[in-house]
2 protein chains.
Amino acid sequence: MAEEVLSKERILDTTEAILRKFGPAKTNMSDIARALGVTHAALYRLYDNKAALKEAVVERWLERSLPPLQAVVEEAAPAADKLYRWLDTLRRFKRSRASQDPELFEMYSSLVTEAPEAIQVHRNHLLDQLATMIKDGIKEGAIAKQEARTTAMAVFMATTPFHHVAHSAEWELPDGDQRFDAVWHLISNGLLTR
Amino acid sequence: MAEEVLSKERILDTTEAILRKFGPAKTNMSDIARALGVTHAALYRLYDNKAALKEAVVERWLERSLPPLQAVVEEAAPAADKLYRWLDTLRRFKRSRASQDPELFEMYSSLVTEAPEAIQVHRNHLLDQLATMIKDGIKEGAIAKQEARTTAMAVFMATTPFHHVAHSAEWELPDGDQRFDAVWHLISNGLLTR
């Protein structure tokens, strides 16, 4: 019974709610155990410390961005259209989270700088999705034959200003859409004539 | 005579030396005035506060990156080669400054996040140089006709991970050169077949 009551889902739901209420700095393991109605020890058996629990909350929060992106990957549309929509969906997701869910976004930002390995799994999911669309594009002849994963990494890096937290202060600038379209035009068509 | 003794050059040389010695937080206007052998008041007549003086030091420090970049712009070489070399020179300059001149690099990083308008002049110089090479490329037929300044901005944004201070922690990663080449390949040739 205790197993069921202390499901990962319930722990993370509760922790997320408390982190939102008190902020990451003021929340401690006792607050979370109390809200769950379990002992300190029971919680520590599952998470080593507050950092581990925060990481688990942020990871789940990040995973929520994947289904809408996966839906784009699975669309029956030309690869170039899907790639544009995927990048646009990703940047809009990040932008809305930064403005509408500032506590969780702040925790995510800290992880990016302080424990980048914690977001590596999420980053790899994103690169997998990008690589799938690039492979589709190669199959349909829209993209020249190349190592899809390397190209996925290059596309992800070249669009850094639109999805990396270090640039969130620029996301509400009035010319953001124009900048994004200019970078998309550049990476899709290339600079040089062929 | 006082005019000559208190030249901008001498003030900035002295301030830079003191900032390196004591660090930006511990340096104050009195230290700088004392080192210059002038009164507090004489220094304040020229710079409103420590922030203004620090800004002037960082601006001059940034301007030192321009001559080697300008030399690339003026090379008698195909535009594509020059563009690659210019981006490569810029990233190597930033990387060497981050590792070899950490105090000044730290001050520059603070300006980027806290007073981005202070580095706007420098950024515009860089965009002008990029636009010049793009115009040359259009003239020689290597680049299709387009608005050079918009493209310059797109190239600058797409190479953000290699020159923006927010990413300096990644500059010494072993696959840095590979990543740079992958992004250059992407932006020069484009993703889509034509």
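Please read all numbers here as calculations on a predicted model, not as lab measurements. (Residues numbered from 1 in each chain as written. Chains lettered and ligands numbered in written order. Predicted model: local features only at pLDDT ≥ 70, side-chain atom pairs only at ≥ 80, totals over all residues. Heavy atoms only, no water.)

**Q** For this particular structure, what's the right way to read the relation of the copies chain B and chain A?
**A** Here the second copy of the chain follows from the first by a rotation about an axis and a shift along it. When chain B is fitted to chain A, the best match, at an RMSD of 0.0 Å, comes from turning it 180° and sliding it 0.0 Å along the axis. Here the symmetry operator amounts to a two-fold rotation axis. Among all C-alpha atoms of chain B, that of Gly-190 of chain B lies closest to the rotation axis, at 1.7 Å. When the interface residues of chain B are mapped onto chain A, 100% of them again lie at the interface, so the same face is used by both copies. (Least-squares fit on C-alpha atoms with pLDDT ≥ 70 in both. Contact = heavy atoms within 4.5 Å.)

**Q** Would you take a moment to explain helix 5 (residues 50–63) of chain A for this structure?
**A** Given 3.6 residues per helical turn, the α-helix brings residues three or four places apart onto the same face. All names here are of chain A. Between the first and last C-alpha of helix 5 there are 20 Å, a value that for 14 residues agrees with the 20 Å anticipated at 1.5 Å per step. Of the residues making up helix 5, those classed as buried are Leu-53, Ala-56, Val-57, Val-58, Arg-60, Trp-61 and Leu-62. Two or three places before Ala-51, at the opening of helix 5, Asn-49 has a side-chain oxygen 3.2 Å from that residue's backbone nitrogen. (Helix = DSSP H or I, 4+ residues; strand = E, 2+ residues; numbered from the N terminus. Expected span 1.5 Å × (residues − 1). Buried < 20%, exposed > 50% of the residue type's maximum accessible area, 1.4 Å probe, protein only. Polar contact = N/O pair within 3.5 Å; in protein donor to acceptor, adjacent residues only side chain to side chain.)

**Q** Would you explain the side chain of Ser-188 of chain A in this entry?
**A** Relative to the assigned elements, Ser-188 of chain A resides in helix 12 (residues 176–189). A polar contact of 2.7 Å, which involves the side chain of Ser-188 of chain A, links it to the backbone oxygen of Trp-184 of chain A. Residues contacting Ser-188 of chain A, with those up to four places away along its chain left out, are Gly-190, Leu-191 and Leu-192 of chain B.

**Q** When you look at the interface of chain B and chain A in this model, what are you seeing that I'm missing?
**A** How big an interface is tends to be reported as the loss of accessible area on association of its parts. Contact with chain B, which involves 34 residues of that partner, is made by 34 residues of chain A. Between chain B and chain A, a total of about 3100 Å² is buried, with carbon and sulfur atoms accounting for 69% of that surface. Across the contact surface, chain B and chain A share 0 salt bridges. Linking chain B with chain A are 11 residue pairs in polar contact (both at pLDDT 80 or more). At the level of elements, helix 7 (79–100), helix 10 (148–158), helix 11 (160–163) and helix 12 (176–189) of chain B are the ones that each hand at least two residues to the side of chain B that touches chain A. Along the lines of polarity and charge, the residues of the side of chain B that touches chain A split into 19 nonpolar, 11 polar and 4 charged. (Buried area = accessible area lost by both parts, 1.4 Å probe. Salt bridge = Lys/Arg side-chain N within 4 Å of Asp/Glu carboxyl O. Nonpolar A, V, L, I, M, F, W, Y, C, P; charged D, E, K, R; others polar.)

**Q** Explain the UniProt feature "DNA-binding region" (unreviewed entry) in chain A to me, please; I cannot follow it from the model alone.
**A** On the UniProt side, "DNA-binding region" (unreviewed entry) is annotated at positions that read residues 28–47 of chain A here. Helix makes up 75% of residues 28–47 of chain A and strand 0%. Its end C-alpha atoms lie 13 Å apart. (UniProt positions renumbered as here; feature names shortened; annotations may be inferred.)

**Q** Can you help me understand the packing of helix 2 (residues 8–22) of chain A against helix 3 (residues 29–36) of chain A in this one?
**A** To describe two helices that pack against each other, one gives the angle between their axes and the distance between the axes. Residue and element names in this part refer to chain A. Two elements in contact, helix 2 and helix 3, have axes whose closest approach is 10 Å; the angle formed by their N-to-C orientations is 125°. With respect to helix 3, the axis of helix 2 lies oblique. For the element pair helix 2 and helix 3, the recorded crossing hand is right-handed. Between helix 2 and helix 3, the contacting residues are Arg-10, Ile-11, Thr-14, Thr-15 and Ile-18 on the first element and Asp-31, Ile-32, Ala-35 and Leu-36 on the second. In terms of residue class, the contact of helix 2 with helix 3 is made up of 5 nonpolar, 2 polar and 2 charged. (Axes fitted to C-alpha atoms, helices over the stretch in contact; angles between N-to-C directions. Parallel < 35°, antiparallel > 145°, perpendicular 65-115°, else oblique. Left-handed = near helix turned anticlockwise from the far one by under 90°.)

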